[in-house]
Amino acid sequence: MRTSTKALFFSTILVLFVAFSCSKDDPADELTKDGPFNISELAGNWEITKAQFSVNTLSVDVVQDGGTASMTVQSSGRFTVTLDPIDRVAYTVSGEMFWEKWEGTYYFAIVWDSYPDDWDTYGHTWDGTTFTINGGSETGE
């Protein structure tokens, strides 16, 4: 083979190798704003009536203890939560809500601004008026 023919041959083999080696065995996570309900339905200002945080046997509810909590959600799913406990300075956390579709099931998910390359999934309920989010000990901000 001539040098140019060899180069073409090896280039073709290399391209085919790269094309076949990039396939995935696992299905990709599909991220969407439209799942069991559209995330934009949550847009608005929310009064948080329960902000309970638990670690092991210790449980604290910011609102029940006399503090306040609120959430503002944009139609894009971007949100900010402000927690104002009675015994310390108020603070905010923010992120974006969406659905993770995996194997035909939708999971309510949040990517927190402080961890932009990762997200957690949460239990949730939404009846058109009241929205609840429940995460386990390994989830959340």
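Residues numbered from 1 in each chain as written. Predicted model: local features only at pLDDT ≥ 70, side-chain atom pairs only at ≥ 80, totals over all residues. Heavy atoms only, no water.

Participant: Looking at this structure, how should I read the pattern of salt bridges?
Facilitator: Working definition: two side chains of opposite charge can pair if their charged atoms are close together. A full pass over the atoms with the stated rule returns 2 salt bridges. Salt-bridge contacts for Lys33 lead to Glu96; the nearest nitrogen and oxygen are separated by 2.5 Å. Within this pair, whereas Lys33 is found in the loop between strand 1 (30-32) and strand 2 (44-47), its partner Glu96 is found in strand 7 (residues 91-102), the two being separated by 63 residues in sequence. The exposure class of Lys33 is partly exposed, given its relative accessible area of 27%. Relative accessible area serves as the criterion here: at 24%, Glu96 is assigned to the partly exposed category. A salt bridge links Arg78 to Asp113; its shortest N-O distance comes to 2.8 Å. Here Arg78, found in strand 6 (residues 78-84), pairs with Asp113, found in the loop between strand 8 (105-112) and strand 9 (120-126); they are 35 residues apart in sequence, far enough to count as distant. (Salt bridge = Lys/Arg side-chain N within 4 Å of Asp/Glu carboxyl O. Helix = DSSP H or I, 4+ residues; strand = E, 2+ residues; numbered from the N terminus. Buried < 20%, exposed > 50% of the residue type's maximum accessible area, 1.4 Å probe, protein only.)

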